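One letter stands for each residue in the lines below.
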Amino acid sequence: MNARKTVLILPPLQLHERARAMLDAEVELIDGADLDADGVTAALKRAHGLVGAVTGEQVRAAPNLEVIGMPGSGWDMIDVDAATEAGVLVVNAAGAQHAAVAEHGIGLMLSLAKRIAYSDRIFHAERRFVGREHFMGDGWPGWAHELSGSTVGIVGFGFIGRDLARKCRLGFDMTVLTYDPFFDPDEAQRMGVRPTSSLAELLPQCDYVTLHVPLTESTRHLFGEAELRAMKPTAYLVNLARGGIVDEDALIRALTEGWIAGAGLDVFAEEPKVPAALLALPNITLLPHIGSATLETRTAMGMLAVDNLEAFFAGRPLPARVA
Ligand SMILES: NC(=O)c1ccc[n+]([C@@H]2O[C@H](COP(=O)([O-])OP(=O)(O)OC[C@H]3O[C@@H](n4cnc5c(N)ncnc54)[C@H](O)[C@@H]3O)[C@@H](O)[C@H]2O)c1
């Protein structure tokens, strides 16, 4: 790699130390966390590469910029249009996170089906053994369920969706349906899942619906009132993708009025804000956007982001490319 290239890490992003050391060996690495606002402005002027969330304003303030590396699989936190207009390539780290996020998908489904987080909250709040009779009846918390034999609908059949499908089928004996208009249905069938051609076809059949699509203008509020009402009243929604994919107001009504049985959320529309109405609901398990936050995956994400930048500067084919 050309040793004179300069790469700026934009705060608040923290690159895993192994990835950082790898990059540091190849380029002049500047950590924006060590700089004040003027320092970041000066570093932007010199940077050939940026790592982290990048605004259009930052792209335009970086005249030497050639590449933006995102150590994640979403690219909604990068102004890809501004980058493309400036001739700047955007590369991400799709494919480095599927195991961690798919395991969280299983975790959220299990938490909802078996009332795990709910029971734990009651134990801690009431400091007593809650009678088992609460878990034998209709409604919430009511009877727990088994994943085995149930049906999951996976919306977005990319790296994470495919890994989750495998785990659901082989680990839990679930029937797996998918909706992904960009994934070859024959290939999906070969992978042991049943592709559907619309959400309207998928949703009424599922006991669990899990979301794994990128947030774009076409997926914003992909799940609104109509989609939530199309789910079974006994079904659970799991969102491990991005908060903006679900209309949060409609979700609160769905959970309050019983259109669906419950939800597991790792992501929110305006993080770190979480609507008070969501926090007040019992039939929900909440996580603070930690789907990929395992040591293994954070290391792999950072390494892939660095591999991408190194490949770009060396003129080699890129492991992952967004635009
Ligand atoms: N919670 C977390 O910590 C966390 C971690 C990693 C990724 N994510 C989110 O998960 C998303 C998926 O990650 P991935 O690695 O599987 O990405 P990916 O790019 O491999 O897969 C995304 C899939 O969504 C499909 N898709 C696009 N638009 C669609 C639509 N309208 N309807 C149905 N399918 C559609 C694509 O065809 C693709 O197969 C990311 O974009 C990111 O936002 C969240």
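Scroll up for the structure.
One structure accompanies this document, and this report is about it. (Residues numbered from 1 in each chain as written. Predicted model: local features only at pLDDT ≥ 70, side-chain atom pairs only at ≥ 80, totals over all residues. Heavy atoms only, no water.)

## Quick notes on unusual backbone geometry
What counts here: Strands here are runs of E lasting at least two residues and helices are runs of H or I lasting at least four, both read from the DSSP assignment and numbered beginning at the N terminus.
Of note, the bond from Pro 11 into Pro 12 is cis; its omega dihedral lies within 30 degrees of zero at 10°. Mapped onto the secondary structure, Pro 12 falls in the loop between strand S1 (6–9) and helix H1 (17–24). The omega torsion of the bond from Trp 140 to Pro 141 falls at 0°, within 30 degrees of zero and hence cis. When you line up the elements, Pro 141 lands in the loop between helix H6 (116–126) and strand S6 (151–155).

## Focus: the packing of aromatic side chains
Cut-off, in case you're wondering: The pairing test for Phe, Tyr and Trp rings, Trp by its six-membered ring, is centres within 6.5 Å, and the orientation test on the planes gives stacked under 30 degrees, edge-to-face over 60, and tilted for anything in between. Buried, partly exposed and exposed residues are distinguished by accessible area as a fraction of the type maximum, computed with a 1.4 Å probe on protein chains only: under 20%, between the cut-offs, and over 50%, respectively. We call a charge positioned over a ring when the NZ of a Lys or the CZ of an Arg lies within 6 Å of the ring centre and within 35 degrees of the ring normal.
Evaluation of the coordinates by the stated rule reveals six aromatic pairs. Arranged with centres 6.3 Å apart and planes meeting at 70°, the rings of Tyr 118 and Phe 135 form a pair that is edge-to-face. You can see Tyr 118 sitting in helix H6 and its partner Phe 135 sitting in the loop between H6 and S6, a full 17 residues away along the chain. Ring plane angle 20° and centroid distance 5.6 Å describe the contact between Tyr 208 and Tyr 236, whose orientation is recorded as stacked. With Tyr 208 in strand S9 (residues 208–211) and Tyr 236 in strand S10 (residues 236–239), this pair connects stretches of sequence that are 28 residues apart. The exposure class of Tyr 208 is buried, given its relative accessible area of 2%. Ring-pair connections join several aromatic residues into one group, and the members of that group are Tyr 118, Phe 135 and Trp 140. A cation sits over an aromatic face here: Arg 162 above Phe 159, 5.3 Å from the ring centre.

## A look at helix H7 (residues 159–172)
It helps to recall that an α-helix has 3.6 residues per turn; residues three or four apart then point in one direction. Short version of the rule: To estimate the expected span of a helix, subtract one from its residue number and multiply by 1.5 Å. We call two residues in contact when some of their heavy atoms are within 4.5 Å.
With 14 residues, H7 extends 19 Å from end C-alpha to end C-alpha; this agrees with the ideal 20 Å at 1.5 Å per step. Buried within H7 we find Ile 160, Gly 161, Asp 163, Leu 164, Ala 165 and Cys 168. On its buried side, H7 packs onto helix H5 (98–114), S6, strand S7 (175–179) and S9. Asp 173 occupies a position one or two residues after H7 and carries a positive phi of about 60°.

## Brief notes about the site of the ligand
Inclusion rule: Summary of the distance rule: residues count as near a molecule or strand when at least one heavy atom falls within 4 Å of that molecule or strand. Polar contact is the term for a pair of N or O atoms within 3.5 Å; when the atoms are in protein, one must be able to donate a hydrogen and the other to accept it, and sequence-neighboring residues count only if both atoms are side-chain atoms.
In the region of the ligand, 24 residues are neighbours, and Gln 97, Phe 159, Ile 160, Asp 180 and Asp 266 sit closest. In this structure, Ser 292 approaches the ligand through a main-chain N or O atom, which is 3.3 Å from an oxygen atom.

## Some remarks on the pattern of salt bridges
Let me state the cut-off plainly: Should a side-chain nitrogen of Lys or Arg be within 4 Å of a carboxyl oxygen of Asp or Glu, the pair is scored as a salt bridge.
Evaluation of the coordinates by the stated rule reveals 13 salt bridges. The closest approach of N and O atoms between Asp 76 and Arg 242, which form a salt bridge, is 3.0 Å. Remark: Arg 242 occurs in the loop between S10 and helix H11 (248–257) and Asp 76 occurs in the loop between strand S4 (67–69) and helix H4 (80–85); sequence separation between them is 166 residues. The buried category is assigned to Arg 242, whose relative accessible area is 17%. A salt bridge links Glu 225 to Arg 253; the shortest N-O distance between them is 3.2 Å. Taken together, the positions of Glu 225 in helix H10 (residues 225–230) and Arg 253 in helix H11 put the pair 28 residues apart, joining distant regions of the chain. Glu 225 sits in the partly exposed class, given a relative accessible area of 32%. Salt bridges linked by common partners bring Asp 163, Arg 166 and Lys 167 together as one network.

## Comments concerning the packing of H5 against H7
To be explicit about the condition: Between N-to-C directions, angles span 0 to 180 degrees; the directions come from axes that are lines fitted to C-alpha atoms, helices contributing only their stretch in contact. Small angles under 35 degrees read as roughly parallel and large ones over 145 as roughly antiparallel, with 65 to 115 read as roughly perpendicular and the rest as oblique. Handedness of a crossing follows from how the near helix is turned relative to the far one, being left-handed for an anticlockwise turn of less than a right angle and right-handed for a clockwise one. Residue polarity is assigned by list, with Asp, Glu, Lys and Arg as charged and Ala, Val, Leu, Ile, Met, Phe, Trp, Tyr, Cys and Pro as nonpolar; anything else, Gly included, falls into the polar class.
The N-to-C vectors of H5 and H7 enclose an angle of 50°; their axes lie 8 Å apart at closest approach. Of the possible angle classes, the one that applies to H5 and H7 is oblique. Handedness of the crossing formed by H5 with H7: right-handed. Contacts between H5 and H7 involve His 98, Ala 99, Val 101, Ala 102, Glu 103, Gly 105, Ile 106, Met 109 and Leu 110 from the first element and Phe 159, Ile 160, Asp 163, Leu 164, Lys 167, Cys 168 and Phe 172 from the second. Partitioned by chemical class, the residues of the contact of H5 with H7 number eleven nonpolar, two polar and three charged.

## Comments concerning the nonpolar core
To keep things clear, this is the line we draw: Note on terminology: a nonpolar core comprises buried Ala, Val, Leu, Ile, Met, Phe, Trp, Tyr and Cys residues joined through side-chain atoms within 4.5 Å.
Ranked by size, the top nonpolar core spans 33 residues in total, and within it Val 155, Phe 223, Leu 228, Leu 237 and Leu 251 carry the most contacts. Of all elements in the fold, only S7, helix H9 (199–202), S9, H11 and strand S11 (262–265) reach the threshold of two or more residues within this core. Sort the elements by how many residues they give to this core and H11 lands first, with five residues. Not counting residues within four places of it along the chain, the set of residues in contact with Leu 228 comprises Phe 223, Leu 237, Ala 250, Leu 251, Ala 254, Trp 259 and Ile 260. In this structure, Val 152, Phe 157, Cys 168 and Leu 240 belong to the second largest nonpolar core, which totals 26 residues.

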